[in-house]
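# Inside the fold
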Amino acid sequence: MLTATILFIAASQVYAQSCNATPLEVITQGRENRFGLNGQQVALNPAIPIQRICQKVDPSCAQKCQQATDAAVATGVKGFQDTDPAKLAAMQKLAADFNAALGAGAGAANGNANAGKAAAKKGKKNKNKKKANKAKKAKKGKKGKKGKKGNKKVGKVNASNGAKATGNNNSQAAAGNNNAQAAAGGKFGSCGAPEIKFGLGFDGRKENSFQSFGEFAHGSALNFKVIGDFVCGKLKDQCKAPAAANCNQAVSAGVAAGKSQAAIDAFLGAL
């Protein structure tokens, strides 16, 4: 009885091998989970690669291949995208059952194993590539950040130098203006300092009065404003004096000081 069983198993193996069937494989590449042959994806629908298998089997296995095809199609299992362990297990079971019916189980196992290794190798390669890209991007970002920091620092230095240069230019300009004023007679422009006196006897007067002399010669006046306005008019129109800008305040200061030498001192001091 044992001998008969062994002979039956051996006969079944010989019969299965005589079908010469190419193993149906489940191949995962990227997001795609498809049925395939010889390590190559063929289709999501298992009927397509199965049809190719049945076209090449030994004629004596044609009916068996058709029955295995009908059983596989009846499951409704098809390939899919992305990750779903349950669907993947169903695909693998369909392939295993079909291959077992044609005696191609060992080949299918090897094919699926090879496909799995290829997918794992590709996944590892993609993972390493992603890491490399991430590192490259991080390095580039760090370099860009460093560059921005450097540019910012250079900008600050340039701004500081610009401010210094502007300050120097302003100082030089101010010095130039002062020198120009000095060359032209200082704050009184092209004229000398106004000469104003307060006292008795001007123009035959018996009371104290104000009178200007020299370049600003003017008859005597009891009110300082008369002399002050005259002097300021000449400073502005003829002397082109910078001090003319202060004339209004200077005249007001002189008038406020009263009829005395203090009026002259206040006026000249305010110019």
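Here's what I pulled together on the structure shown here.

The rules behind the values
Along each chain, the written sequence defines residue order, and numbers are assigned to residues from 1. Only residues with pLDDT of at least 70 get local features here, since the model is predicted, and only at 80 or more are side-chain atom pairs given and counted; chain-wide, interface and lining totals rely on the full set of residues. Only hydrogens and water are set aside; all other atoms, that is, all heavy atoms of the structure, feed into the side-chain values. A pair of strands is treated as paired once DSSP finds two or more bridges between them. A run of H or I in DSSP becomes a helix once it reaches four residues, and a run of E becomes a strand once it reaches two; helices and strands are each numbered from the N terminus. Interaxial angle, 0 to 180 degrees, is taken between N-to-C directions of lines fitted to C-alpha atoms, where a helix line uses only the stretch in contact. Throughout, exposure labels follow a simple rule: accessible area from a 1.4 Å probe, protein chains only, divided by the maximum for the residue type, with under 20% read as buried, over 50% as exposed, and the rest as partly exposed. The rule is short: rings of Phe, Tyr and Trp, with Trp giving its six-membered ring, pair when the centres are within 6.5 Å, and they are stacked under 30 degrees, edge-to-face over 60, tilted in between.

With that settled, consider the sheet that holds strand β7 (residues 218-221). Strand order in this open sheet of 3 strands is β5-β6-β7, and the pairing throughout is antiparallel. Edge positions in the sheet fall to β5 (195-199) and β7, since each has one partner strand and no second. Taking the axes of each pair of neighbouring strands and ignoring which way they run, one obtains an average angle of 20° across the sheet.

As a further point, take unusual backbone geometry. Even without glycine at this site, Asn20 takes up a positive phi of about 55°. Relative to the helices and strands, Asn20 resides in the loop between α1 (2-17) and β1 (25-29). Notably, Lys240 is not glycine yet its phi reads approximately 50°, a positive angle. Positionally, Lys240 belongs in the loop between α6 (224-237) and α7 (247-256). Overall, Lys240 belongs to the exposed group, its relative accessible area being 62%.

A few words now on the packing of aromatic side chains. This model, assessed by the stated rule, comprises 4 aromatic pairs. On the numbers, 4.7 Å between centres and 45° between planes, the contact of Phe198 with Phe210 is tilted. One end of the pair, Phe198, is in strand β5; the other, Phe210, is in strand β6 (residues 209-213), with 12 residues separating them in the sequence. You can call Phe198 partly exposed: its relative accessible area is 23%.

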